[in-house]
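A look at the structure
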Amino acid sequence: MKRLAFTVTFALLAAAQAQKVQTPVPIGVAVAQTSNTALLGQEQVIGARFAEKFLNARGGINGTPIKLVFQDAAGDENSAINAFQNLITKENVVGIVGPTLSQQAFAADPIAERAKVPVLGPSNTAKGIPQIGEFVARVSAPVAVVAPNAIKQALKLDPKIKKVAVLYAQNDAFSTSETGTFQETAKAQGLNVATVQKFQTTDTDFTTQVTAVLNADVDLVIVSGLAADGGNLVKQLRQLGYKGLIIGGNGLNTSNIFSVCQRYCDGIIIAQAYSPAQPSAANQVFVKEYRAQYKKDPPQFAAQAYAGVQVMVEALKALDRKKKLAQWDLGELRAALNKQILAGKYNTPLGELRFEKDGEIIQKDFYVAQIKMKDARTGSFVFLK
Ligand code: 1QQ
């Protein structure tokens, strides 16, 4: 009996290893299509789909098309783990772009690591993401690099800022990482961090935190949270009378917060790892085609998801030139793809990208934008630098 089980397991393993690469070549995309996190994930779906269409129209992988396989990773750890498992074992993807949140990446990326499937984090900006494992890299620059730009820009807009209130979602890995960077940067810039307030991403009432902020009499508020909670927090800050500048972190970096904080979103300063004005040829084509299709500029999360798919496709092209993809075993290709991703240089809408050995992104250009609301529903991100 034992021997039979062993033989069957062995046969299954051997079958899995001998699996060929399908055509069109399946690339997994596991981002938030439902839950509050979809306020962020929606833009990633658009960016990834856009890359699929655009890159396939230009020949895909040296003539072989790619096919994105979407699995909803929602906003929690278990959904992300399930999405990863499905993509790896049922859909036989060559690699995965996802998940949306760092909080999910710390739970789901180890699944891909164990299965030796390359992962590109399209929006995982917390400290420690590339270090999850050999098969984990990211196209999303870390908060440690991006977030300080927002504080420097706020000080340019108002050099008299002295006292700061910092708020963060304590149940979210990205938010706790980002607030660490914000607090260090504020102190390094000579600011007095007068109060630090915590909340949960599931909170809807922020009266306690806002009262503490008002009592501290600060001239800058810095919020690290996600879109729904962050948007509500900003709204309640303004409704209860806060008049100073507000910096929002990466979790507020979407026009989908407009429906949450409405006209109170006006003035929020947010650091950016992408600008539609990025002068690279790759970006100019991207912006032109995106505008033609969606009648607006591409947002950061769409550009990063696009870059994630593009990096996978370019790395696959390089491997296909060595040996036609259809001739690779799936396991062999996944391992080679991981190495190739890290070895390449990519001209993306984010500018030129490369990777450190551990999978950390090397990116040059960063920006800061400020939200300008036209009315309660419509607004835009105005780039300041
Ligand atoms: C992270 C993030 C999110 C706010 C992006 C959607 O940066 O979780 O790392």
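The coordinates are above.
First, a word on what this report is: a plain description of the structure on this page. Since we're looking at a predicted model, the values are computed, not measured.

1. Section: the pairing of strand β12 (residues 351-355)
With three bridges joining them, strand β11 (residues 346-348) and β12 adopt antiparallel strand pairing. Bridged to T348 within β12 is G351. Bridge count for β12 against strand β13 (residues 361-362) is two bridges, and the pairing is antiparallel. Across the sheet, residue R354 finds its bridge partner in β13, namely I362. Counted along the chain from β12 to the antiparallel partner β13, the turn is five residues long, and its residue G359 has a positive phi close to 100°.

2. Section: the packing of helix α3 (residues 77-90) against helix α4 (residues 102-115)
Put simply, α3 and α4 touch, their axes get as near as 8 Å, and they point 25° apart. In this view, α3 runs roughly parallel relative to α4, as classed from their interaxial angle. Once α3 is placed against α4, the crossing between them reads as right-handed. Contact with α3, carried on its side by E77, A80, I81, F84, Q85 and I88, involves Q103, Q104, A107, A108, D109, I111, A112 and A115 of α4 and no other residues of that element. Here the residues of the contact of α3 with α4 are counted per class, giving nine nonpolar, three polar and two charged.

3. Some points on the pairing of strand β7 (residues 192-199)
Strand direction decides the pairing type here: strand β6 (residues 163-169) and β7, joined by seven bridges, are parallel. The partner of A165 across the bridge, within β7, is T195. With helix α7 (residues 173-188) bridging β6 and the parallel β7, this β-α-β connection has right-handed handedness.

The rules we used
Throughout this description, residue numbers start from 1 for each chain and increase along the sequence as written. Owing to the predicted nature of the model, reporting of local features is limited to residues with pLDDT of at least 70; listing and counting of side-chain atom pairs is limited to 80 or more, with chain, interface and lining totals taken over all residues. With hydrogens and water stripped out, all remaining heavy atoms of the structure feed into the side-chain values. We treat two strands as partners when DSSP finds at least two bridges between them. For helices the rule is a DSSP run of H or I covering at least 4 residues; for strands it is a run of E covering at least 2, with both sets numbered from the N terminus onward. Axis definition: a line fit to C-alpha positions, over the contact stretch in the case of helices; interaxial angles, taken between N-to-C directions, run 0 to 180 degrees. Any angle from 65 to 115 degrees is called roughly perpendicular, while one under 35 is roughly parallel, one over 145 is roughly antiparallel, and all others are oblique. Helix crossings are classified by the rotation of the near helix relative to the far one: an anticlockwise turn of less than a right angle makes the crossing left-handed, while a clockwise turn makes it right-handed. Residues are treated as being in contact if the distance between any of their heavy atoms lies within 4.5 Å. The residue classification treats Ala, Val, Leu, Ile, Met, Phe, Trp, Tyr, Cys and Pro as nonpolar and Asp, Glu, Lys and Arg as charged. All others, Gly included, are polar. When the strands point away from the viewer and the path from the first strand over the helix to the second turns clockwise, the crossover is right-handed.

Interpretation note: all reported values are geometric properties and have no functional meaning in isolation.
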